[in-house]
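In case you want the letters, here they are:
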Amino acid sequence: MGPHASPAQPRRTPAVDTLRALVPGDADVIRVRAATPTAATNWTWTHAEVLGAYPWPPHPGEPLRPLDRTADDSTHASLTICEFLTTRQYAPIVRLVRAGDATYTFSIRLTYPRREDWGDA
């Protein structure tokens, strides 16, 4: 049973709520990019940005479409994302999308799609 069949929502935690505060209220998934931790940064996350925020599509299997004006590279966003990744990088709601020499890109699920919204799909 995948996430589309699960009625459960990610636990409401202060850490997830801080991410929700960075994006519009109707965002269900956010994509973030963070600078790769190095020995020079004591292996900690030191810089990150919101690349986009997405609502769930109306039907399963459809691509996510970004909400307008969701990119955020402010210092506040960076600190918030870095703090989140430090403690929750391996949480089930966090998915590594791309890893490179300079950056990592993550997709973070803020909510699961509601099964009843998709009918019997």
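Parameters and conventions
- Residues numbered from 1 in each chain as written.
- Predicted model: local features only at pLDDT ≥ 70, side-chain atom pairs only at ≥ 80, totals over all residues.
- Heavy atoms only, no water.
- Pairing = 2+ DSSP bridges.
- Helix = DSSP H or I, 4+ residues; strand = E, 2+ residues; numbered from the N terminus.
- Axes fitted to C-alpha atoms, helices over the stretch in contact; angles between N-to-C directions.
- Contact = heavy atoms within 4.5 Å.
- pLDDT = per-residue confidence, 0-100.
- Phe/Tyr/Trp six-rings, centres within 6.5 Å; stacked < 30°, edge-to-face > 60°.
- Buried < 20%, exposed > 50% of the residue type's maximum accessible area, 1.4 Å probe, protein only.

A few points about the sheet that holds strand β3 (residues 94-99)
- Taken in spatial order, the four strands make up an open sheet running β2-β1-β4-β3, and their pairing is antiparallel. Whereas interior strands pair on both sides, the edge strands pair on one side only; in this sheet they are β2 (48-54) and β3. Here the strands of the sheet are splayed against their neighbours by 20 degrees on average, with no regard to which way each runs.
- Relative to strand β4 (residues 103-109), strand β1 (residues 29-35) runs antiparallel, the two sharing seven bridges. By the bridge assignment for β4, A34 is matched with Y104.
- Packed onto the sheet, helix α2 (residues 75-88) meets β1, β2, β3 and β4 and runs at close to 90 degrees relative to β2.

What to know about the confidence of the model for the chain
- Looking at the chain as a whole, the pLDDT averages 86, with 84% of positions reaching at least 70.
- Within the model, pLDDT remains below 50 along residues 1-7, and this stretch shows nine contacts once partners closer than five positions in the same chain are excluded.

Quick look at unusual backbone geometry
- Positioned with a positive phi, W43 is a non-glycine residue whose angle comes to about 60 degrees.
- Looking at the element boundaries, W43 is found in the loop between β1 and β2.
- Within the chain, R69 stands out as a residue other than glycine whose phi angle is a positive 50 degrees.
- Following the sequence through the fold, R69 ends up in the loop between β2 and α2.

Remarks on the packing of aromatic side chains
- Under the definition given, this model contains three aromatic pairs.
- Measuring from ring centre to ring centre gives 5.5 Å for W45 and Y104, while their planes differ by 85 degrees; the resulting arrangement is edge-to-face. Residue W45 is found in the loop between β1 and β2, and its partner Y104 is found in strand β4; the two are separated by 59 residues along the sequence.
- For W45, a relative accessible area of 10% gives the class buried.
- On the basis of an interplanar angle of 15 degrees and a centroid distance of 6.1 Å, the ring pair of Y104 and F106 is categorised as stacked.
- Given the relative accessible area of 23%, Y104 is considered partly exposed.
- Aromatic ring contacts, followed pair by pair, group W45, Y104 and F106 into a single cluster.

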